[in-house]
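Observations on the model geometry
Okay, here's what each chain looks like letter by letter:
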Amino acid sequence: NLDGSGNADDVITKMSMYLHVDQGSWKDTEACTVKYSISIPKIVIYWEPGIWTFRKGVDRGHGCSVSLRSQDVLTKGCIDDTLSIIVEIHLLHEARPRFWTPRTNFNRERLKAFKNEIMADVTFLVGSKNTHSDNGNGNGKTNDNEGSSKDEAARQKQSYQEEIKANSTILLLAAPFMKDLLESGMSDSASQTIASYSPFKSKRTSSNVIPLPNVNPSHFRFILRFIYADDTSFIDNQVSQTHLQEILKTANQFGCWRLKLVIEHRLIQNHLVYGNCVEMLLFAHVHYCAMLKEAAIKMVCQYWSSLLHRSNFLQLCQCTDLLKEIHEYSTGETMKDTKEDEFSKMSVGELYEWLEHDDDVYLECDMSRPMLLSLIRATMEAREKKFEQIT
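Let me sum up the structure you'll find in this document.

Rules used throughout
Residues numbered from 1 in each chain as written. Predicted model: local features only at pLDDT ≥ 70, side-chain atom pairs only at ≥ 80, totals over all residues. Heavy atoms only, no water. Helix = DSSP H or I, 4+ residues; strand = E, 2+ residues; numbered from the N terminus. Buried < 20%, exposed > 50% of the residue type's maximum accessible area, 1.4 Å probe, protein only. Polar contact = N/O pair within 3.5 Å; in protein donor to acceptor, adjacent residues only side chain to side chain. Salt bridge = Lys/Arg side-chain N within 4 Å of Asp/Glu carboxyl O. Patch = residues over 30% accessible without salt bridge, like charges linked within 9 Å, V, L, I, M, F, W, Y side chains within 5 Å. Areas by Shrake-Rupley, 256 points an atom, 1.4 Å probe, with all protein chains shown as cover. Pairing = 2+ DSSP bridges. Axes fitted to C-alpha atoms, helices over the stretch in contact; angles between N-to-C directions. Expected span 1.5 Å × (residues − 1). Core = buried A, V, L, I, M, F, W, Y, C linked by side-chain atoms within 4.5 Å. Contact = heavy atoms within 4.5 Å. Left-handed = near helix turned anticlockwise from the far one by under 90°. Nonpolar A, V, L, I, M, F, W, Y, C, P; charged D, E, K, R; others polar.

A separate point is the side chain of S344. Position of S344 relative to the elements: it lies in the loop between α14 (320–331) and α15 (348–356). When its relative accessible area of 1% is taken as the criterion, S344 is described as buried. Separated by 2.9 Å, the side chain of S344 and the backbone nitrogen of D341 make a polar contact.

In structure tokens, the structure reads:
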């Protein structure tokens, strides 16, 4: 459309165009995206509107308009009274609608269930109230002017009590080591009919209360998050060595050995250094951390001569069992075995990795290196016998 009035030399004319898609490989009314440009070369007009959505065979498209002088159109743009307009298609393809795709992360859903106490049938009363540290609101937090020493502040910080609710069936399936703890706090009828609940209720009230007065509520919540969903977000690279060790002790207390191994790996990877290798070795020995212990012994052997003058070396000398293990490692006796095979030279971590990838083995607790070797070899022997019977 060319609209104008008056003298052609002076009138500014508005030229409008409207485009829509009539042909394409897709069905009628289906959407497509188009990137195009419009030009009138004779009068140096060029316009590129970007990408727009069209529907085939439907009067739904996109228009454009440019302003120019009528005289320019008539004298320069037209040839034999014909105005040539070039439309170039730079992009044309079917526009698939974007649909929401639900996440398939089962662990994430279980973690949400724990946080929202879905179908919780057991309550853990974790921690203990301390009248000296309670500021009156029941949460165990202290006022700024209380607790002058660091020890007092630490004691007050830990002196609080929290109700943590969970589903006993999930705990028993994912963590069989929780069985004794659950049975100690559940009534006979509840333990026999754990699954008796209405499917129309999102939550269940619980009369089964298990007191854990000597446990840090935050650490116990971490353990349940790991049991529910393998969640380890609470032990990222910013967590201190001391905090990791405290969580590990709680995990060890409740038999959560897989979380214990994860923390051992974090301690080795982020915190085990020359300056604390003796301290780490003593900690690993006391809390039966085979993987951490092996890594700490290796470092102690590496820096043995310089460690003799450190203050905590005396503690190490008082532990004859550890000194024997250090000697065996330094002389290569630790790796010596009655049977020479592909597993003889593997570290504790490598042995765990092998078992983790074997679908026929189910681990119920953490093990020492000799125990891991024995389990792997027994598994291999049973497999070979089964193969011989088949063939």
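The subject of this paragraph is unusual backbone geometry. Outside of glycine, negative phi angles account for most residues, and trans bonds account for most peptide bonds. We note that M119 has phi near 55 degrees; this positive angle belongs to a residue other than glycine. As for its position among the elements, M119 is in the loop between α2 (106–115) and β9 (122–127). At Y288, a position not held by glycine, the phi torsion is positive, near 55 degrees. Considering the arrangement of structural elements, one finds Y288 in the loop between α10 (277–286) and α11 (290–302).

Within the structure shown, the criterion is met by 11 salt bridges. K260 is paired through a salt bridge with D366; the nearest N and O atoms lie 2.7 Å apart. Of the two residues, K260 sits in helix α9 (residues 257–270) while D366 sits in the loop between α15 and α16 (369–390), which places them 106 residues apart along the sequence. The exposure class of K260 is buried, given its relative accessible area of 1%. Three or more residues are tied together by salt bridges with common partners; here these are R108, E109 and K112.

Quick look at a nonpolar patch on the surface now. On the surface, a cluster of nonpolar side chains totalling about 210 Å² of accessible area is made up of I85, V87 and I89. Inspection of the secondary structure puts I89 in strand β8 (residues 86–94). The exposure class assigned to I89 is partly exposed, which follows from its relative accessible area of 47%.

So, on to the sheet that holds strand β11 (residues 209–212). Strands in a sheet are paired, the pairing made by backbone hydrogen bonds, and the direction either parallel or antiparallel. The 3 strands are arranged β10-β9-β11 in an open sheet whose pairing can be described as mixed. Both edges of this open sheet fall to β10 (161–166) and β11, since each of them pairs with a single strand only. The average undirected angle you get between the axes of adjacent strands in this sheet is 20 degrees. The pairing of β9 with β10 spans 6 bridges and is classified as antiparallel.

To continue, consider α11. Between its first and last C-alpha atoms α11 spans 18 Å; for 13 residues at 1.5 Å apiece the expected length is 18 Å, and the two agree. Looking at α11, one finds that the buried residues are M291, L292, K293, E294, A295, A296, I297, M299 and V300.

By size, the foremost hydrophobic cluster in this structure holds 56 residues, and its most contacted members are F124, M178, F220 and L224. What L224 contacts, discounting residues up to four positions off in sequence, is F114, F124, I164, A166, L171 and M178. Residues M291, L351, Y352 and V361 belong to the second largest nonpolar core, which totals 15 residues.

A few words now on the environment of A31. Summarising the element assignment, A31 is placed in strand β3 (residues 31–40). Sequence separation between A31 and T53 is 22 residues; the distance between their C-alpha atoms is 6.6 Å.

Summarising the element assignment, D358 is placed in the loop between α15 and α16. According to the relative accessible area criterion, D358 is buried, its value standing at 10%. Not counting residues up to four positions away in its chain, the partners in contact with D358 are T379 and R383.

Time to look at the packing of α15 against α16. At a minimum axis distance of 10 Å, the contact between α15 and α16 shows a crossing angle of 35 degrees. Viewed along their axes, α15 and α16 form a crossing whose handedness is left-handed. Where α15 abuts α16, its residues V348, L351, Y352, W354 and L355 lie against R369, L372, L373, L375, I376 and M380. A class-by-class count of the residues in the contact of α15 with α16 yields 10 nonpolar, no polar and 1 charged.

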